[in-house]
Amino acid sequence: VGPDVIDIRKLYGQTGMFTYDPGFLSTASCESAITYIDGDKGQLLYRGYPIEQLAVNCDFMETSYLLLNGELPNEKQKADFNHQVTYHTMVNEQMQFFLRGFRRDAHPMAIMTGLVGAMAAFYHDSTDITNPEHRHISAIRLLAKMPTLVAMTYKYSQGQPFIYPQNDLSYTGNFLRMMFATPCEDYKVNDVVERALDRIFILHADHEQNASTSTVRLCGSSGTNPFAAIAAGVACLWGPAHGGANEACLNMLEQIQANGGIAKVGEFMEQVKDKESGVRLMGFGHRVYKNYDPRAKLMQETCKEVLTALGLENDPLFKLAMELERIALEDPYFVERKLYPNVDFYSGIVQRAIGIPTSLFTAIFALARTVGWVAQWNEMISDPAYKIGRPRQLFTGEIARDVVEISKR
Ligand code: ACO
C-alpha cells in the first residue's frame, strides 16, 4: 500500500466491505506470494519465475521445492529434497484394503477423493496443524504418495498387481514405472515421455486461487488436517469446468473424429456458437486468461515432441485440435470473447500418446496440483492472522413467518 493508495482494510475495518460477487469475478479471497497471473498478457509466474523458463530449465522436484519454499534449490538442497520425497513414496499396506472396497470400474477421481482423505487416518501428527514440522512432513507425504495412489488406482482398474515404488528413479520415472511395469515384465522409462510428463506436472503445479485451490483454503481454514483439505481440492478439481476439462476435451475430440473428423469441424463449431446447444469447445476459455494461456503453448510443443518421438506424427486428434484452434483464433465469436486454448486443450493428446487412459487424466492433474494446494494451504496456516473462511450471502428467501399446524397447511 503506497501513500496514494487507500488501504481498504483500514477503511472498512476488520470485517471488510460487504460485496455481492457471484463466482468471485472481482473479489480477492486472500493475500498470496506464490503464483502470479497476468491474464491480459498471458503471463504465469511461480514465485516470480516465468513458467516458460521453469518448464525448460527445471524439473518437477525443483519446481515443487520452489513453490513450497519460495526459492529454487541449490544442488544440495535439491538432493536432500529428492531424498525426503523418495523416502515417503510407499503408502501404508492397509490402504490396499480400502482401495479394494471400490468397484473396479469406479471413476479414478471418486477413488482418489477417498484415498487422499483416508491418509489422515494413518498420520495422526497431521491433525496438529499448529506445528510447522508436522505441516512440513504432511506436505512431503502428500507430494510423495500421490503418484503411488494414482498408479495403484490405475492398476486396480486393470485387475493387475500393484507395482511398488523404485526409489532410484526420478519422481516422474518412478510414477511411469508404477503405472506400466508388471511383475512379468519391467518397464524401461522412455526419456522423452518422462520429460513430457514431468513438464505436464510443472505446468499444472499451481495456478493461484482457482476453484480447487480456493476449496483447499476454505476447507483448511477450519483448522482441519491437510489430507482432508486436499481431498476437498481433489473433489472440486473433478468438475468439467475445471480439472475435468482435459477428460472432457479428449472425449470431445474423439467424438468429432468418430463423426467425420476434420471435415466436420466447421459444423461442430457452429454448434458451439449456438448457445441453445449447450455445447462448449472444451479446453478453451479461462476466467483469468484473456490471451493465450502460456501453458497451452508449452503443451502444444510438448505434444509435437512426444508424438514425433513415439512415431505418431500423424495423430488424427492432434491434427483435429490444431484445426479447431486455427478456426477459433479467426472466428469473431472466440475473438470477441477472448477465448483461447487453455492448458487442457493439448494435455489429453500427450497423455493418450503415453498410454494413460482418459479417465485418469484428472487424477494426474490432481497429482501435479497437490504441491500447489499444499503450498497455498501452508501459506494460509502460517499466517497468524488467518481466519476461518465464511462467505456471506444475499438472502432471497422468505423472511420470518409462523409455522401453521400440519392439518391446516
Ligand atoms: N466454448 C464456447 N463458448 C465459451 C467457452 C467455450 N469453451 N468458454 C466461454 N464461452 C463463452 C460463454 O458462453 C460466454 O458467452 P456470452 O458472453 O455470450 O454469454 C462467454 O464466453 C464467457 O464465458 P463464461 O462461462 O461466463 O466465462 P467464465 O470465466 O465463467 O468461465 C470457463 C471460464 C469455465 C473456463 C469457460 O471458459 C469454460 O467452460 N471452458 C470450457 C471448459 C474448460 O476448458 N475448462 C478448463 C479451464 S482451465 C482449468 O481449470 C485447468
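Note that the structure is a prediction, hence the values are computed from the model and not measured.

Undergrad: Run through the environment of Asp 206, naming residues and quoting values.
TA: Within the secondary structure, Asp 206 is located in the loop between α9 (191-204) and α10 (211-220). For the pair Asp 206 and Leu 45, spaced 161 residues apart in sequence, the C-alpha separation works out to 9.7 Å. Excluding its chain neighbours within four sequence positions, the residues that come into contact with Asp 206 are Ile 34, Thr 35, Tyr 46, Leu 67, Arg 369, Gly 372, Trp 373 and Gln 376. Polar side-chain contacts of Asp 206 include one of 2.9 Å to the side chain of Gln 376.

Undergrad: Talk me through the packing of helix α6 (residues 108-118) against helix α11 (residues 226-237); I want residue IDs and the actual numbers.
TA: Viewed as axis vectors pointing N to C, α6 and α11 meet at an angle of 170°, and their least axial separation amounts to 8 Å. For the element pair α6 / α11, the angle class is roughly antiparallel. Judged by residue contacts, Met 109, Met 112, Thr 113, Val 116 and Gly 117 of α6 engage Phe 227, Ile 230, Ala 231, Val 234, Ala 235 and Leu 237 from α11.

Undergrad: Tell me about the nonpolar core, and name the residues and values.
TA: Judged by nonpolar contacts, the single largest core of 115 residues is most densely connected at Met 252, Leu 281 and Leu 324. Counting residues per element, this core draws most heavily on helix α18 (residues 361-382), at 14 residues. Once residues lying within four places of it in the same chain are set aside, the contact partners of Leu 324 are Met 252, Leu 253, Ile 256, Val 265, Phe 268, Met 269, Leu 281 and Phe 345.

Undergrad: Account for the pattern of salt bridges, naming residues and giving values.
TA: According to the stated counting rule, one finds 19 salt bridges in the structure shown. Measuring nitrogen to oxygen at the nearest pair gives 3.5 Å for the salt bridge that ties Arg 195 to Asp 198. Of this pair, Arg 195 and Asp 198 both sit in helix α9, three residues apart, roughly one helical turn. Residue Arg 195 is classed as partly exposed on the basis of its relative accessible area of 32%. The buried category is assigned to Asp 198, whose relative accessible area is 8%. In this structure, Lys 273 and Glu 270 form a salt bridge, with 3.3 Å as the shortest nitrogen-oxygen distance. With Lys 273 and Glu 270 both in helix α13 (residues 265-273) and three residues apart, this pair spans about one turn of that helix. The exposure class of Lys 273 is partly exposed, given its relative accessible area of 24%. Glu 270 gets classed as partly exposed once you look at its relative accessible area, which sits at 49%.

Calculation notes
- Residues numbered from 1 in each chain as written.
- Predicted model: local features only at pLDDT ≥ 70, side-chain atom pairs only at ≥ 80, totals over all residues.
- Heavy atoms only, no water.
- Helix = DSSP H or I, 4+ residues; strand = E, 2+ residues; numbered from the N terminus.
- Contact = heavy atoms within 4.5 Å.
- Polar contact = N/O pair within 3.5 Å; in protein donor to acceptor, adjacent residues only side chain to side chain.
- Axes fitted to C-alpha atoms, helices over the stretch in contact; angles between N-to-C directions.
- Parallel < 35°, antiparallel > 145°, perpendicular 65-115°, else oblique.
- Core = buried A, V, L, I, M, F, W, Y, C linked by side-chain atoms within 4.5 Å.
- Buried < 20%, exposed > 50% of the residue type's maximum accessible area, 1.4 Å probe, protein only.
- Salt bridge = Lys/Arg side-chain N within 4 Å of Asp/Glu carboxyl O.

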